[in-house]
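Structural description and commentary
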Amino acid sequence: MGIETGITAETPAEGEDLAALIVADWHAAYAALDWQLDCGIDEVIGEVPVNRYEVVVEKPARPQPAASSPQAPAQPRAPWPDVQEQPAVPGIDPVAVARATAAGAATLEALADAIRSFDLCDLKRGARNTVFADGNPKARLLILGEAPGRDEDIEGRPFVGEAGRLLDQMFAAIGLSRQSPDPAAAFYITNVMPWRPEGNRDPTPAEIAMMRPFVERHIALADPDVIVVMGNTPLVALTGNRGILRARGNWTTALEKPLLPMTHPAYLLRTPGAKREAWADLLALRAFLDKE
Ligand code: URA
């Protein structure tokens, strides 16, 4: 979550002790920052505070019935879309553009370039980096996550924060790493969304649908033997279903590949009791790789 700071420097009034004022200000500023961190505000997005209650968002006027036909039978009312649900660029279908762009990429490098130049997803504007993938692209296992968080946005690589460190430990426990040059001992990792959603919110269904053609092409080009989806967003993107806690551990098929849903490592950090089930899922994955 971000905030406009509104923190201003104060000049001491005549006779006021500058040193005392600085110390008092320092403590006040520290307490204010601490409070903001507790509220989940972890970055600055503007120098000047904006009172969002006073920002006027103009909605398009609802169409009125024609004055010349007052007796016209009532028509079923079309749902009135919220302003934010309307396509960012009127007249352009972002999913169709994404599909055509993704289809034109013949290699993983070309796909990374295609995603970097795709401008129809609003998330891109708030992100520092396009986070494409990491690991060995020839690996038998492809892991699909949700979206970059703060650390990934800064570094431009997926799963490099606390959840990523846990993920690396989990897969190391069954003999797999990002760095291994051996496809049988490696994994390749990417996300449904290449851009960080502001405040780490969940991507919307429209954003997932828009990026899905890129995910499909990514999987087709990497051509893994097995896919692990971590969390709800990739589960929805590849199977159309939500409910990772019900789906986890149950093998299914997506894009003609065996797919194992697992809980997200960020969830495991918050819910250590769930690590036992995650370990069972890792063992099932190991058994699959050993048998195939
Ligand atoms: N969570 C994800 O799903 N992906 C990342 O890259 C980081 C955290």
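The present account deals with the structure reproduced in this document. These figures come from a predicted structure and were not determined experimentally.

Some remarks on the layout of surface pockets
Each pocket or cavity is described by its volume, and for the second largest pocket that value is around 700 Å³. In this structure, the second largest pocket is lined by 29 residues; those nearest its centre are Glu-146, Ala-147, Asn-200, His-264 and Ala-266. A class-by-class count of the residues in the lining of the second largest pocket yields nine nonpolar, ten polar and ten charged.

Considerations on the packing of helix H7 (residues 205-222) against helix H8 (residues 232-239)
Running from N to C, H7 and H8 point in directions that differ by 75 degrees, and their axes come no closer than 10 Å. One way to sum up the angle between H7 and H8 is to call them roughly perpendicular. Across from Ile-208, Arg-212, Val-215 and Ile-219 in H7, the residues of H8 making contact are Thr-233, Ala-237 and Leu-238. Per-class residue counts for the contact of H7 with H8 are five nonpolar, one polar and one charged.

Things to note about the site of the ligand
In the neighbourhood of the ligand, the contacting residues comprise Gly-145, Glu-146, Ala-147, Pro-148, Glu-152, Pro-158, Phe-159, Asn-191 and His-264. Note that an oxygen atom of the ligand is positioned 2.9 Å from one of the backbone N or O atoms of Phe-159. For the ligand, a nitrogen atom lies 2.8 Å from a polar atom in the side chain of Asn-191. When isolated, the ligand has an accessible area of 240 Å², and the protein chains bury 91% of it. Per-class residue counts for the shell around the ligand are four nonpolar, three polar and two charged.

Section: the packing of aromatic side chains
On inspection of all chains with the given rule, the structure shows three aromatic pairs. Relative to Phe-214, the ring of Phe-118 lies with its centre 5.1 Å away and its plane at 70 degrees, an arrangement referred to as edge-to-face. Placement of the pair is Phe-118 in the loop between helix H3 (108-116) and helix H4 (123-126) and Phe-214 in helix H7, with a sequence separation of 96 residues. On the basis of an interplanar angle of 25 degrees and a centroid distance of 4.9 Å, the ring pair of Trp-251 and Phe-288 is categorised as stacked. With Trp-251 in the loop between helix H9 (244-247) and strand S7 (252-254) and Phe-288 in helix H11 (residues 275-291), the pair connects residues that are 37 residues apart, well separated along the chain. Residue class for Trp-251 comes out partly exposed when judged on its relative accessible area of 34%.

Notes on empty space enclosed by the protein
What the rule picks out here adds up to one cavity of 30 Å³ or more. Residue assignment for the lining of the largest cavity shows that the elements contributing at least two residues are strand S5 (187-191) and H7. For the lining of the largest cavity, the class distribution of residues is nine nonpolar, three polar and no charged.

The rules we used
Residues numbered from 1 in each chain as written. Predicted model: local features only at pLDDT ≥ 70, side-chain atom pairs only at ≥ 80, totals over all residues. Heavy atoms only, no water. 1 Å grid on protein atoms, 1.4 Å probe; cavity = no way out; pocket = protein on both sides within 12 Å on 5 of 7 lines; lining within 4 Å. Points joined across faces, edges and corners; volume = space filled by probe spheres on them. Nonpolar A, V, L, I, M, F, W, Y, C, P; charged D, E, K, R; others polar. Axes fitted to C-alpha atoms, helices over the stretch in contact; angles between N-to-C directions. Helix = DSSP H or I, 4+ residues; strand = E, 2+ residues; numbered from the N terminus. Parallel < 35°, antiparallel > 145°, perpendicular 65-115°, else oblique. Contact = heavy atoms within 4.5 Å. Near = heavy atom within 4 Å. Polar contact = N/O pair within 3.5 Å; in protein donor to acceptor, adjacent residues only side chain to side chain. Areas by Shrake-Rupley, 256 points an atom, 1.4 Å probe, with all protein chains shown as cover. Phe/Tyr/Trp six-rings, centres within 6.5 Å; stacked < 30°, edge-to-face > 60°. Buried < 20%, exposed > 50% of the residue type's maximum accessible area, 1.4 Å probe, protein only.

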